[in-house]
Number of protein chains: 2
Amino acid sequence: MGFDPDSLTYDGRGLIPAIAQDHATGEVLMLAWMNAESVRATLETARATYWSRSRNSLWVKGDTSGHVQRLVEMRIDCDRDAVLLLVEQVGPACHTMRKTCFYTGIRDGIEVELMAPEARSGSR
Amino acid sequence: MGFDPDSLTYDGRGLIPAIAQDHATGEVLMLAWMNAESVRATLETARATYWSRSRNSLWVKGDTSGHVQRLVEMRIDCDRDAVLLLVEQVGPACHTMRKTCFYTGIRDGIEVELMAPEARSGSR
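Remember, predicted model here, so these are calculated numbers, not experimental data. (Residues numbered from 1 in each chain as written. Chains lettered and ligands numbered in written order. Predicted model: local features only at pLDDT ≥ 70, side-chain atom pairs only at ≥ 80, totals over all residues. Heavy atoms only, no water.)

Participant: Let's hear about the pattern of salt bridges: which residues, and what values?
Facilitator: Counting across every chain of the model gives 22 salt bridges over all chains. Across the salt bridge formed by K99(A) and D22(A), the nearest N and O atoms sit 3.7 Å from each other. Separated by 77 residues along the polypeptide, K99(A) in the loop between β6 (83–89) and β7 (104–107) and D22(A) in strand β1 (residues 16–22) bring together distant segments of the chain. A relative accessible area of 22% places K99(A) in the partly exposed class. With a closest N to O distance of 3.6 Å, D6(B) and R40(B) form a salt bridge. With a gap of 34 residues between them, D6(B) in the segment before β1 (16–22) and R40(B) in helix α1 (residues 36–45) connect regions that are remote in the sequence. (Salt bridge = Lys/Arg side-chain N within 4 Å of Asp/Glu carboxyl O. Helix = DSSP H or I, 4+ residues; strand = E, 2+ residues; numbered from the N terminus. Buried < 20%, exposed > 50% of the residue type's maximum accessible area, 1.4 Å probe, protein only.)

In C-alpha cells, the structure reads:
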C-alpha cells in the first residue's frame, strides 16, 4: 500500500515540522514546515517543497535562489508528527548564504558565530 | 554578554522545536519541544530537557528510561525559532527502543521500516 501524506499528524495549522539534513555530510541544514500538499509535492518532484508561513503558500526551496534541495529520502518519526528529509543541497541552505541555518552555538554561555557566509557563486 | 533563552522566538504555546542529533555519528535522533525554562535547564545541566506537551511539564530526557542525552552543544538557527542539540546519546533515543525516532523511510512510494528495536541491555 502506498504512503499516504494524510497519515501524518499535522498541528492545528495543518503543518508538520520538517528537518532537512545533508545526506552526504550529515549536517542538519534547516527546519521548515510542510502541509500534506507539500509532503506530496516533495515526494512527487523529489524537490524539497515547504509551506511558507509568512507567504501562506507552497515554497519550492531554491526556486528563487537556485539553492535547491534534491530529495534523497523522506523519513518519518515514531509519532508521525515530524519528518526528516535527507537531501542533496545545492549551494548554501540558509538565506544568509551560510551552509546551514544553524550557524551559531552556545559556548561557555555565550552565543558565537560558527561559520561565515559563503561567497556568492555564479551557479544559477 | 551571556546567551538569554528569552531571545529565542517561541510559538503561541511558548514552545520552540528542538532537534537532537548524535554529535559523533551525525544521526538525527528526534524532534521534541522546549520552552524557555527547558532551554535554560538544558544549558545549565548539560542534560537535554524538553517540554512534554502531553504531560505539560519539564521532561528530562532519560530520567525514567536511563537513555539520557548529554549536551555537547546547542545551536540556534537564523530565525531563532528552532534549536539543534548536539548530544551524546546513551542507549536508543526512541521509546520504541530504536536508535532514532526517524526509523521509517519512503522508498518507491512505500513506507518501510529501516531499523529494528535494540535489545534491552542492563545499562542503567
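On we go from here.
Participant: Account for α1(B), naming residues and giving values.
Facilitator: Given 3.6 residues to a turn, an α-helix orients residues that are three or four positions apart in the same direction. All names here are of chain B. The set of residues buried in α1 consists of A36, S38, V39, A41 and T42. Packing partners of the buried residues in α1 comprise β2 (28–34), β3 (49–52), β4 (57–60), β5 (69–76) and β6 (83–89). Just downstream of α1, A46 is the residue with a positive phi angle, here 60°. (Contact = heavy atoms within 4.5 Å.)

Participant: Describe the nonpolar core, with residues and values.
Facilitator: Counting residues in hydrophobic clusters, the biggest one holds 24 residues, and the most contacted among them are M34(B), Y50(B), M74(B), V83(B) and L85(B). Contributions of two or more residues to this core are made by β1, β2, β5 and β6 of chain B. Here this core gets 4 residues from one element, more than from any other, and that element is β2(B). Once residues lying within four places of it in the same chain are set aside, the contact partners of M74(B) are T104(A), G105(A), I106(A), V39(B), T42(B), L43(B), V83(B), L84(B) and L85(B). Formed by 23 residues, the second largest nonpolar core is a distinct cluster that contains A20(A), M30(A), I76(A) and L85(A). (Core = buried A, V, L, I, M, F, W, Y, C linked by side-chain atoms within 4.5 Å.)

Participant: Just give me the short version of the sheet that holds β6(B), but keep the residues and values in it.
Facilitator: Read from one edge to the other, the open sheet built from 6 strands follows the order β8(A)-β7(A)-β5(B)-β6(B)-β1(B)-β2(B), with strand pairing classed as mixed. The open sheet is flanked by β8 (110–113) of chain A together with β2 of chain B, the only strands paired with a single partner. Geometrically, the sheet is characterised by an average inter-axis angle of 35° between neighbouring strands, direction not taken into account. Packing of α1(B) onto the sheet brings it into contact with β7 of chain A together with β2, β5 and β6 of chain B, and relative to β5(B) it is tilted by some 120°. (Pairing = 2+ DSSP bridges. Axes fitted to C-alpha atoms, helices over the stretch in contact; angles between N-to-C directions.)

Participant: Quick rundown of the interface of chain A and chain B? Include the residues and the values.
Facilitator: With 38 residues of chain A at the interface, the matching set in chain B holds 38 residues. Overall, the association of chain A and chain B removes approximately 3,000 Å² of surface from exposure, summing both partners, and the carbon and sulfur fraction of that is 62%. Across the contact surface, chain A and chain B share 6 salt bridges. The partner of E73(A) in a salt bridge is R107(B), with the nearest N and O atoms 2.5 Å apart. At the boundary of chain A and chain B, one finds 16 residue pairs in polar contact (both at pLDDT 80 or more). Only β1, β2 (28–34), β5 (69–76), β6, β7 and β8 of chain A provide two or more residues apiece to the side of chain A that touches chain B. Along the lines of polarity and charge, the residues of the side of chain A that touches chain B split into 21 nonpolar, 8 polar and 9 charged. With 3 bridges joining them, β5(A) and strand β7 (residues 104–107) of chain B adopt antiparallel strand pairing. Looking at the pairing, M74(A) lines up with I106(B) of β7(B). (Buried area = accessible area lost by both parts, 1.4 Å probe. Polar contact = N/O pair within 3.5 Å; in protein donor to acceptor, adjacent residues only side chain to side chain. Nonpolar A, V, L, I, M, F, W, Y, C, P; charged D, E, K, R; others polar.)

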